[in-house]
Each structure stands twice: as C-alpha cells, then as structure tokens.
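An overview of the molecular structure
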Amino acid sequence: MPRAAGKRGRRRPTQAERADRHVLYERAVQNVDFEVEFVTDTFKALRRRRPHIVREDFCGTANAACAWVRAHPRNRAIGVDLDPDVLDWGRRHHVAALTRGQQRRLQLIQGDVLKVRTDPVDAVLAMNFSYWCFKTRPLLKRYFKRVREHLVDDGIFFLDAYGGYEAHQELREETDHGRFIYVWDQAEYDPMSGHMTTHIHFKFPDGSRLDRAFTYHWRLWTLPELRELLDEAGFSRVTVYAQGWDEARDEPSDTFEPVERLDADAGWVACLVAEK
Ligand SMILES: C[S@@+](CC[C@H](N)C(=O)[O-])C[C@H]1O[C@@H](n2cnc3c(N)ncnc32)[C@H](O)[C@@H]1O
C-alpha cells in the first residue's frame, strides 16, 4: 500500500472541514418557529383571520417555508430563491424530513423575486435583510410593487431591517454558540452610496475556521427610506415592530412590539409589517 494512503498519511479532518455552512447559518441566524408565530399572530390581530398561504422570498434552504407547512395542516408555502444549490440543500435536508402531506403543500421555485409569478398569497416574507441586495430606489420599489401584486386583498408583507450607529461602522462581532463562534463581519461600508460588504465566518474550538462562509453585497437601507418606498409602492399602512429588551438577562428579548419611535441605540432589529 503506498504510504500516503496508509494510516500514517491520514489526517483527521478539522471541525471546519466537517462542518456544513448551512447548518451553522440556520443555528446562528434563524429562528423560523418564532417567524411563523410572529406572522400568524400579527396577521390574526390585524385581519381577524388566520393566514394560510405564504411566500418566502430569498428562501435559501426553505427553512421557514418548511416550518410554515409543519405549523398547521391547512398551511401552504411557496419558497423562491435564485440559487439552485441552496434550494437543493433545502430539498435534501428540510423537505425530505416533511411528511408526504406537508410536501404537497410546499412549492419551491428557482427564480428571481423580481420576475416570479405565483398564486396570490396571504403573506410574503423577506427575512434576514435579503432584499437589501436591491441597491437603488427604483429597483427596491419594483420589488415592493411586485410583492404587493402577489398578495390577496387583505394580504400583508413582512420584512425585517436593522440599524443603529454600529450598523454604519466597519466592525466584527462574535457570538459564541458553544460548538462554534459566529462572526458577523461588516467588512466595508461606503457612507456615500450606503453600499456595504458583509461576511459571515465561523470559528471552531480546534482552531479551524470557515472564512467567508457567506458574503453579501447590500445597501444599508434606513427605516424612513423603507417606509417611504413601501408607501409609494401602494401599501396602505406600514407599522414598525421593534425587538424588545429582556431586562433580567440584559439581552434582546423574543418579543416584537409595534412602536412609534425607536431609541438611537448602537444596534436595533425591527420588523416592518406592510398591509396591502
Ligand atoms: C441572506 S440569504 C437567505 C436568507 C433567508 N431568507 C433567511 O431568512 O435566513 C439570501 C438569499 O437570497 C437569494 N437571492 C438573492 N437575490 C435574489 C433574487 N433576486 N431572487 C431570489 N433570490 C435571491 C440568494 O440566493 C440567497 O439564498
């Protein structure tokens, strides 16, 4: 046996080599059960009925769409993403774990959210700031208009945003998740255009790293800009729900409440609720 193929040639793969970047992303960034609950409860409070059909734009691994069909036997979801590889990952990991009945209530479309045509839905979700890939007012307004066209008459569009003075800085923020450290890297920000480049890296206890597991080229949109564009796109009412603060734990809480104004904090996360 050639030596390289024998025992002495073998090296145990590092934690980074064994890791799956989508699994790490979902653990560090997403909370799809909370999203499903927030969309359901907020829709019911505003419309006095339960929403059943949602479209998850920029769905990536379709984690939220799968959670939606799991949440209620009448729920249906459509997931839209440009990238066939991430959709394929979602099919193998999330869709495969659904029951046949749940799978029948889910549709995944490889397509551009600016062009896709879908059945009218109760709610469209654009989460984790993905729509910030549209960097000009005309493009973002076009997207908002298309979303509105695909909503039923009492439909609602849910989209999130973040800000605060630290959002305008080039910085790295680390969060320890026990088996890995999540690194949010605001690598470049140009105040002139608002364009930013951000990366997600992961670091592991054995010292290995997954650098630039994800990279985004975005525009840092502000709440006044987003509210104006949603208004111009024809939405009748836009309400901002801000993430609460857990005083006991001294960290952001799991609740989002409608607010009229926000504190000028270092960092905040909000959800915009735009009613057709
Ligand atoms: C931040 S990731 C997914 C985030 C996911 N929605 C979440 O909540 O974590 C952004 C996704 O948007 C997709 N994407 C970017 N531009 C798109 C477009 N014009 N139409 C559809 N998907 C797009 C990318 O392929 C990528 O999977």
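Residues numbered from 1 in each chain as written. Predicted model: local features only at pLDDT ≥ 70, side-chain atom pairs only at ≥ 80, totals over all residues. Heavy atoms only, no water.

1. Observations regarding the overall build of the protein
Put simply, the test is: Secondary structure elements are taken from DSSP: a helix is a run of H or I of four residues or more, a strand is a run of E of two residues or more, and numbering for both begins at the N terminus. In this treatment the radius of gyration is a C-alpha quantity, and the globule benchmark scales as 2.2 Å times the residue count to the 0.38 power. Here's how the labels work: a residue is buried when its accessible area is under 20% of the maximum for its type, exposed when over 50%, partly exposed in between, all with a 1.4 Å probe on protein chains only. Accessibility throughout is a Shrake-Rupley quantity obtained with a 1.4 Å probe, and a residue counts as covered only by protein chains that appear here. In this tally, Asp and Glu contribute negative charge and Lys and Arg positive charge; neither His nor the terminal groups of the chain are included. Every charge is mapped to an atom, namely NZ of Lys, CZ of Arg, CG of Asp or CD of Glu.
A tally of helices and strands in the protein yields eight helices and 12 strands. Expected size for 276 residues packed as a compact globule is a radius of gyration near 19 Å; at 20 Å, the protein falls within 12% of this value. Across its three principal axes, the protein shows a C-alpha extent of roughly 70 × 45 × 40 Å. Counting the 276 residues in the protein, one finds 49% classified as buried. For the protein, the accessible area works out to roughly 14900 Å², and carbon and sulfur atoms hold 47% of it. For the protein, the distance from the average site of its 43 positive side-chain charges to the average site of its 44 negative ones is 9 Å.

2. Describing the sheet that holds strand β11 (residues 251-259)
Cut-off, in case you're wondering: When DSSP finds two or more bridges between two strands, those strands count as paired. A fitted line through C-alpha atoms serves as each axis, taken over the contacting stretch for helices, and the angle formed by two N-to-C directions is quoted from 0 to 180°.
Read across the sheet, eight strands follow the order β3-β2-β1-β4-β5-β12-β10-β11 without closing on themselves; strand pairing throughout is mixed. Two strands bound the open sheet, and with one partner strand each, they are β3 (106-110) and β11. Looking at each pair of strands side by side, their axes are set apart by 20° on average, direction ignored. Across three bridges, the pairing between strand β1 (residues 53-57) and strand β4 (residues 121-126) is parallel. Bridged to R55 within β4 is V124.

3. Here's the deal with the site of the ligand
In plain terms, the rule: A cutoff of 4 Å decides nearness: a residue is near a molecule or strand if any of its heavy atoms lies inside that distance of it. Polar contact is defined as a pair of N or O atoms within 3.5 Å, subject to the rule that within protein one atom must be able to donate a hydrogen and the other to accept it, and that residues adjacent in sequence are counted only when both atoms are side-chain atoms. Amino acids outside the nonpolar list (Ala, Val, Leu, Ile, Met, Phe, Trp, Tyr, Cys, Pro) and the charged list (Asp, Glu, Lys, Arg) are all regarded as polar, and Gly is one of them.
Residues in contact with the ligand amount to 17 residues; listed here are only the nearest, Y25, Q30, F58, D81 and N128. Side-chain polar atom of Y25 to an oxygen atom of the ligand: 2.5 Å apart, as the coordinates give it. At a separation of 3.2 Å, a nitrogen atom of the ligand approaches a polar backbone atom of L82. Here the shell around the ligand is built from residues that sort into nine nonpolar, five polar and three charged.

4. Thoughts on helix α3 (residues 32-47)
Test applied: Expected helix span is given by 1.5 Å per residue-to-residue step, counting one fewer step than there are residues. By definition in these notes, contact holds between two residues if any of their heavy atoms fall within 4.5 Å.
Between its terminal C-alpha atoms α3 stretches 22 Å, which fits the 22 Å expected from 16 residues at 1.5 Å a residue. Along α3, the residues classified as buried are V32, E35, V36, F38, V39, T40, T42 and F43. Buried residues along α3 sit against α4 (63-71), β4, β5 (151-163), β10 (237-246), β11 and β12 (268-275). Positive phi shows up at R48, right after α3, with a value of about 60°.

5. Notes on the sheet that holds strand β8 (residues 195-203)
Two pairing modes exist for strands in a sheet, parallel and antiparallel, and in both the strands are linked by backbone hydrogen bonds. Pairing is antiparallel in the open sheet, where four strands are placed in the order β6-β7-β8-β9. One side of each edge strand has no neighbouring strand; the edge strands of this open sheet are β6 (171-176) and β9 (209-219). Between one strand axis and the next, the sheet turns through 20° on average, direction left out of account. Direction of pairing for β6 relative to strand β7 (residues 181-189): antiparallel, over a ladder of six bridges. Note on β7: the bridge partner recorded for D176 is I181.

6. Observations regarding the domain arrangement of the protein
Note the threshold: Residue ranges labeled as domains rest on an automatic or database domain assignment. When two components associate, each loses some accessible surface as probed by a 1.4 Å sphere; the sum of these losses over both components is called the buried area. Salt bridge criterion: a side-chain nitrogen from Lys or Arg within 4 Å of a carboxyl oxygen from Asp or Glu.
Domains assigned within the protein are domain 1 (18-163 + 221-275) and domain 2 (166-217). Tallying the contact residues gives 14 residues for domain 1 and 17 residues for domain 2. The contact between domain 1 and domain 2 buries some 1300 Å² in all, and 71% of this surface belongs to carbon and sulfur atoms. Inspection of the domain 1/domain 2 interface yields zero salt bridges. The tally of links from domain 1 across to domain 2 stands at two residue pairs in polar contact (both at pLDDT 80 or more). Every element with two or more residues in the side of domain 1 that touches domain 2 is listed here: α2 (21-29) and β5. No other element matches α2, which puts seven residues into the side of domain 1 that touches domain 2.

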